[in-house]
Each structure stands twice: as C-alpha cells, then as structure tokens.
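Chain by chain, the residues run as shown.
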Amino acid sequence: MHHKKRGFVVLTFLIACISAISASSQTKILFKAEQPGKSITAASLASWPDKKTVIKKQVGNFNFEITLEPQNGYLYYKIKAGSKSKDSLFLALEFNYDKGTALNFNGTVAKEEIYRQSVHDPGNYFFDSLPRQAVPMMALNKGKGWDIAFSDAPAFYNNYTTQYFKPQEKKMQIASGDNGLKPGTQVGDTIIVRPFYHQVSPGRDHEFNGVIMHSNARNIGAMRQDVFRAIARRWGNINSKFGATAFATNYMLYRTNELKASKYWVVAGIDYCNKQYSRDAFWQSMVLPPAMEEQCYLNEARQQTPGAERPIFALIWAYRTSKSGGKPDMEGAAKSLAYIEKHIVNNRYLAFDEQSGRKNFKSWFDLCMFTDDDVVTYNQGLLVVALHAAQELGLKPSVTWQDAAKAYRGLFYNEGGYFPLSEQKKDLVAVDAMIGDLLHILIFNTPLLEREQVRLHFQKVSAVAKTENGFKIVCMPDGSYAPNEKFDIPGYKSPHWNVPFGEYANGGSYYLYDMLFLITAYAHGIPGADKLLIWRGKMDFEREGTYYEHINTATGKPGKINQGWNGAIYAIMHQLETQGKAKDILTPVIEKIQ
C-alpha cells in the first residue's frame, strides 16, 4: 500500500484511451491541473500501454512523472510533478464523451453538479442538501458496459475529493481538490463548501492516483460490485465479492482526522458527519490493514470519549492493537479502565452519558431509555472482554473478568429461555446480547457463555424474532413488536415514539447485529445456525449487490446503503476460519449472487 504521499505534484495529463476502455468508446480521458480561474492539460496518449509505462515531462515550472500500469484488467494511474516555485492546484481526471449517460455511485446524474465526500465539520449532523456519494468515482454508460474512473481514498487528499459532472457539455471529472462552486443543488449555509488547492513548492509535492476500468455489468448493482472489486484489488489484495464489499466500503470512508487526535480515522458512512464514531470504527477497522486500523484506534485512545460502551471498546481495541503487532496507547488504556471501573457495581456495568445525561444513550440502542441502575446485557458482555484485555495489558483491574463473566451469564432469563435486553427489561428479547461472547472467542479463543444458554437464546430468537426481512432487533417474547412504552422508564419518555414498527431500532433488522448473533451460535456449533447465517448473510446482496445498515422488517425497505460497520462480518468469518473454529461459509455463497 502506498499510503505515504511523496514525489511530485501532479499536474494535468491527458489520455485519449479510446479502444483501451471499450472497443466502441469515443471517451477521452484527460488528467488536468486546476488552478483558480485556470485549467491546464499536460499530455496525452492514444491508448492504454500494454506494459508499465513511465513518462517524464517538463512544462513550465513543473516536472512531471506519469506512471501508467495495466494490471488485473485495470489501468492504474499515478501522476507526480515537482514545482520550482510556490504554487497551488488540485488534480482532476476528466472524461469527455460523445454519447452516453453520466453516473456516479448513487446513480444517473442528469444536471450539472459537484459531489463531495466530506462536510469538513465534525460537529455538523445536518447536511442533507450537500450532494455526496460514498465512492469518489464517475461512470459513463453507453448501453454496452461502463467506462469508470475513481481516485484513491479521500483521506489522502485532505478530505477534499470532488466529482464535477457537466452532462450538458458531456464532461465529468474526479478531482483531488475543490473549486468551491455550488453549480446545482442549493447547499445550506451551515455546510462548509470552500475552495481547496494543494500547496506546491520545492520539496513539497502532491500525488494523484487511482484506477480506470471498464465494466460489462448489466445493472448498477453489478457495476458497484465491479468497482468494489477493483478497489479491493488495488489497495487490499482481496478478490472475493464479500471481501471486496467489506474492504472497499471502509477504505473509501477513510478520512483525514480533522480533530487531529490521530492523522486518520474512518467515518461511519456517507450519511454521517465527518467524524469517527467509536463503536462503528471498532467494527469497521477490522477489515482495514493494521496500520490504518491503528490510526482509528489512536483517536479513541486519545479522545477518551465518555458515555455508553465507548470506553469499553477503546480498552478492548488497545489489546486488539497489541495482538496485531501495533503499539497500544497505555496511558489511554489506563484512563479507559479507570472510567469503566467507576461504572461497575457488583461486577456489573452501569452506563450513563455524562455529556448529556440522556437516559437513552447507554448503549448503541438509543431508542430505549434505561434507569441508572439497570444493566444492559450487551454492555455486560463487552465489559468482560475489556477487563480481560486490561489484565493482558498488565493494568490489573480491580474487578476480575471472571467475576464479570459470571454476572454476564447471570443475566440469562431462565423462565423465558433467552437473554433479555437488560436486567430490568426482561420482557424484551434482544438480538445483540451475545456479542461479548463472540468477541471473547475471537480475541481470547474461549467463550464466555454456557453452550446451553447460547442454544436456548438462538432457538428463542429464531422462533419469535425472525421475519422474511431479517430479525427484529428486539421484540416481545411472543414475537410481536414491542409497544412504544416498553422503551420508556418512570419519568422519561423515549424520544423515538414516532418511529414506526419495523423501522430502525423499533424492531428493524440490522445486518451487523443479526450476523453477530448468528455467527456466535455458529461458532458454538448450534444446529441450524449455519443455514440461517447464509440466509441472512446473502439477503442484502440479493437486493442491490451490497449491504445496508438496517431493513424495515414490516415493509422490507432498506436504509443506509454500504454502512461501514458491516465490513466486520467478513473479517470475523475470515478470522474464525483462520483459527479453525468455523468455515467461512458466506464468501462462496455471496460470490454466486448475480
């Protein structure tokens, strides 16, 4: 992986790759340097080279080095240039075409527009008016395949990747900077849209690189899969559809950390603010290379985000980093442990959100209110893993992980035959209750829960929570949707009373949590878990070739395509296979989906 930017600043470069992209294509590909009020084109080629080609050229104060490398059926491009004087610019790869339909990752682009990957404001949660797409790409559909180009992850361009579409002029481009224009959609005043040009001077250089490709996909879902596969081959050395989706989704969510606690971090999804979320990043980073994962971890260790289960994840992550060969932040790990221990009573974790005092921010399940003395089953399982991690890091926690594990097992509701959402909400069957057990298996090679508890919980959830659209994340013991008042506590009403049954956490199905539940049962060898694991694992892919954050179990409507944390499922299945604890039964099944 190249992740270090060195060499020259890349100025414009023109390639007229006609037959190389598509036999019938009249697409011209230009690499351009954009400066305020000025556009420069530096060089051109008539077709793809049949072997690695390096072109060196001088234009004015700039020295260019253009590397074109055909590989795996793609054309990898890398352009560098050095400047003899101070200057500023960004780089753009442009398609000029005679006919066809312009598309981005979202679909057809019918009007002039600039799409962006970042809002440049980690505190802005409201940016619906900003045109954006998850992958910095452009595509041209001429009826017989797709000409496609995309750049490297936004992180390596200070989060200023943009995609400028001019369908009326039959032009589109991907770029490493931003001209600050708002040509189509009226972007709200609270959204940061400003020019950004990379600074160039002797010894200070810039690089632009990515992939040009052709896809013969029959529809946009299959085209997205071809793009994912190309991203995964280029930067992850992963070939399978499942692995490519997991890797590419999160690789393209990698960002420069604009809060600067680490150099980089990973954002939860394109529909979230330009900020790393502790729990999302914990799962997302499992599919990224160790060096990238460590950057995400360092932000959590240094930021020390309080509330819910965030400090627990930070402590587990410290040990996971150590196991991966990285260097954990021991000062940060000690602070996380100190925070956690302040919230342990009788070996049980009592969560609350110091920042807001909200009763519904005690775990990821923010639809539900919990009293301050309640124990969320999901949190308790994670606590055990964190305390064991602390012990292995040499931190000597005051509560043993074995005692916390006993309390975890003690949350099993014997009368109902399942793990409830929490100690006090026994009449809510919870899909996410066994996650701590799975993490302990992955990290420490041993389970925390009794096999019989896992079997009974699996049977209960499978019997009452399963729908044709996945599992209800919580439900009543008879399988019905939980009445809204079940999410209230005395004196506090859940802020999500308006969420319909089946939507979001009100009985919706989450790919991540459904799969973690099924993988836990599968790792314990529970009969029937393998079949349901395949059933749920391929469900999203059969819709549009990728996965979603959640599916409405009542209507079947999905929400939030390409949610980053789902990538952990591929990593977990691969790890279990490597450890000899289970087979990766999902990868070959998903590979066959057309």
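None of the values given here were measured: they were computed from a predicted structure.

As a further point, take the confidence of the model for the protein chain. Averaged over every residue, the pLDDT of the protein chain is 92; the share at 70 or more is 95%. The model gives residues 1-25 a pLDDT under 50, and that stretch makes 117 contacts with residues more than four places away or in other chains.

Glancing now at the packing of helix H5 (residues 290-303) against helix H6 (residues 310-323). For the pair H5 and H6, interaxial distance at closest approach is 10 Å and the crossing angle is 145°. In terms of crossing hand, the pair formed by H5 and H6 is left-handed. Here Glu-293, Glu-294, Cys-296, Tyr-297 and Glu-300 of H5 lie close against H6, whose contacting residues are Ala-314, Trp-317, Ala-318, Arg-320 and Thr-321. Here the residues of the contact of H5 with H6 sort into five nonpolar, one polar and four charged.

Turning our eyes to something else, we now look at the packing of helix H8 (residues 377-392) against helix H9 (residues 401-409). The interhelical angle for the contact between H8 and H9, taken along N-to-C directions, is 165°, at an axis separation of 8 Å. When the axis of H8 is compared with that of H9, the two are roughly antiparallel. The two elements H8 and H9 cross, and the hand of that crossing is left-handed. Across the interface between the two elements, Thr-377, Gln-380, Gly-381, Leu-383, Val-384, Leu-387, His-388 and Gln-391 of H8 pack against Trp-401, Ala-404, Ala-405, Ala-407 and Tyr-408 of H9. For the contact of H8 with H9, the class distribution of residues is eight nonpolar, five polar and no charged.

With that settled, the discussion passes to the sheet that holds strand S26 (residues 509-510). Strand order in this open sheet of three strands is S26-S27-S28, and the pairing throughout is antiparallel. Because the sheet does not close on itself, it has two edges, and the strands there are S26 and strand S28 (558-561).

So, about the packing of aromatic side chains. Per the counting criterion, the structure on display carries 42 aromatic pairs. The ring centre of Tyr-76 lies 4.9 Å from the NZ or CZ of Arg-234, which sits over that ring.

This brings us to the environment of Asp-121. Checked against the element boundaries, Asp-121 lands in the loop between strand S9 (113-116) and strand S10 (137-141). Exposure remark for Asp-121: the relative accessible area of 25% places this residue in the partly exposed category. It is 7.1 Å that separates the C-alpha atoms of Asp-121 and Ile-192, two residues lying 71 residues apart in sequence. With residues up to four places along the chain from it excluded, the contact list for Asp-121 reads Ile-192, Glu-258, Cys-273 and Asn-274.

Turning our attention to helix H12 (residues 511-523). The terminal C-alpha atoms of H12 lie 18 Å apart, and with 13 residues this matches the ideal 18 Å at 1.5 Å per residue to within 8%. In terms of burial, H12 is a largely internal element, 12 of the 13 residues being buried. Of the positions making up H12, those classed as buried are Tyr-511, Leu-512, Tyr-513, Asp-514, Met-515, Leu-516, Phe-517, Leu-518, Ile-519, Thr-520, Ala-521 and Tyr-522. Positive backbone phi, at 75°, marks Gly-525, one or two positions downstream of H12.

Let us now look at the pairing of S28. For strand S27 (residues 548-551) and S28, the ladder comprises three bridges, and the chain directions are antiparallel. Each bridged residue has a counterpart across the sheet, and for His-550 the counterpart in S28 is Gly-559. Linking S27 back to S28 in an antiparallel pair, the connection comprises six residues, with Gly-556 at a positive phi of about 85°.

This brings us to the sheet that holds strand S11 (residues 146-151). The sheet built from seven strands is open, its strands ordered S4-S5-S6-S17-S11-S10-S8 with antiparallel pairing. Edge positions in the sheet fall to strand S4 (53-59) and strand S8 (101-103), since each has one partner strand and no second. Across the sheet, the axes of successive neighbouring strands diverge by a mean angle of 15°, strand direction being ignored. Across 10 bridges, strand S5 (residues 62-71) lies against strand S6 (residues 74-83) in antiparallel orientation. Across the sheet, residue Glu-65 finds its bridge partner in S6, namely Lys-80. Helix H2 (residues 220-235) rests against S6, S8, S10, S11 and strand S17 (206-215) of the sheet, and its axis sits at about 135° to S17.

Before going further, it helps to spend a moment on the side chain of Lys-359. When you line up the elements, Lys-359 lands in the loop between strand S21 (348-349) and H8. Judged by its relative accessible area of 14%, Lys-359 falls in the buried class. One polar contact links Lys-359 to Asp-372, side chain to side chain, over a distance of 3.0 Å.

What follows is about unusual backbone geometry. If you check the backbone angles, Asn-445 has positive phi at about 70° while not being a glycine. As for its placement among the helices and strands, Asn-445 is situated in the loop between helix H10 (435-444) and helix H11 (451-464). Taking the relative accessible area as the measure of exposure, Asn-445 reaches 44% and is therefore partly exposed. Even without being glycine, Lys-560 reaches a positive phi, approximately 60°. Turning to its location among the elements, Lys-560 is positioned in strand S28. When its relative accessible area of 31% is taken as the criterion, Lys-560 is described as partly exposed.

Leu-93, Phe-150, Ile-231, Trp-283, Tyr-513, Ile-569 and Ile-572 are the most contacted members of the largest nonpolar core, which totals 180 residues. Per-element tally for this core: the top contributor is H12, with 10 residues. Contacts of Ile-572, omitting those with residues within four sequence positions, involve Trp-283, Met-286, Leu-438, Leu-442, Leu-516 and Ile-519. Counting 10 residues, the second largest nonpolar core, distinct from the first, contains Leu-130, Ile-191, Ala-268 and Tyr-277.

This part covers the pattern of salt bridges. Two side chains carrying opposite charge are able to pair once their charged atoms lie near each other. Taken as a whole and assessed by the stated rule, the structure comprises 18 salt bridges. With its nearest N and O atoms 3.9 Å apart, the salt bridge here joins Asp-98 to Lys-142. Here Asp-98, found in the loop between strand S7 (87-96) and S8, pairs with Lys-142, found in the loop between S10 and S11; they are 44 residues apart in sequence, far enough to count as distant. Residue classification places Lys-142 among the partly exposed positions, given a relative accessible area of 25%. A salt bridge links Glu-452 to Arg-455, with the shortest nitrogen-to-oxygen separation between them at 2.5 Å. Linking Glu-452 with Arg-455, this pair stays in helix H11, spanning three residues, or about one helical turn. Taking relative accessible area as the criterion, Glu-452 reaches 39% and is therefore assigned partly exposed.

What follows is about the state of the cysteines. Under the counting rule described, the total for this entry stands at zero disulfides. Lacking any disulfide linkage, Cys-296 is separated from the closest cysteine sulfur, that of Cys-273, by 15 Å. Its relative accessible area of 0% is what places Cys-296 among the buried residues. Here Cys-368 stays free of any disulfide, with the sulfur of Cys-475 as its closest cysteine sulfur at 14 Å. Since its relative accessible area comes to 0%, Cys-368 is described here as buried.

What counts and what doesn't
Residues numbered from 1 in each chain as written. Predicted model: local features only at pLDDT ≥ 70, side-chain atom pairs only at ≥ 80, totals over all residues. Heavy atoms only, no water. pLDDT = per-residue confidence, 0-100. Contact = heavy atoms within 4.5 Å. Axes fitted to C-alpha atoms, helices over the stretch in contact; angles between N-to-C directions. Helix = DSSP H or I, 4+ residues; strand = E, 2+ residues; numbered from the N terminus. Left-handed = near helix turned anticlockwise from the far one by under 90°. Nonpolar A, V, L, I, M, F, W, Y, C, P; charged D, E, K, R; others polar. Parallel < 35°, antiparallel > 145°, perpendicular 65-115°, else oblique. Pairing = 2+ DSSP bridges. Phe/Tyr/Trp six-rings, centres within 6.5 Å; stacked < 30°, edge-to-face > 60°. Lys NZ or Arg CZ within 6 Å of the ring centre and 35° of its normal. Buried < 20%, exposed > 50% of the residue type's maximum accessible area, 1.4 Å probe, protein only. Expected span 1.5 Å × (residues − 1). Polar contact = N/O pair within 3.5 Å; in protein donor to acceptor, adjacent residues only side chain to side chain. Core = buried A, V, L, I, M, F, W, Y, C linked by side-chain atoms within 4.5 Å. Salt bridge = Lys/Arg side-chain N within 4 Å of Asp/Glu carboxyl O. Disulfide = S-S within 2.5 Å.

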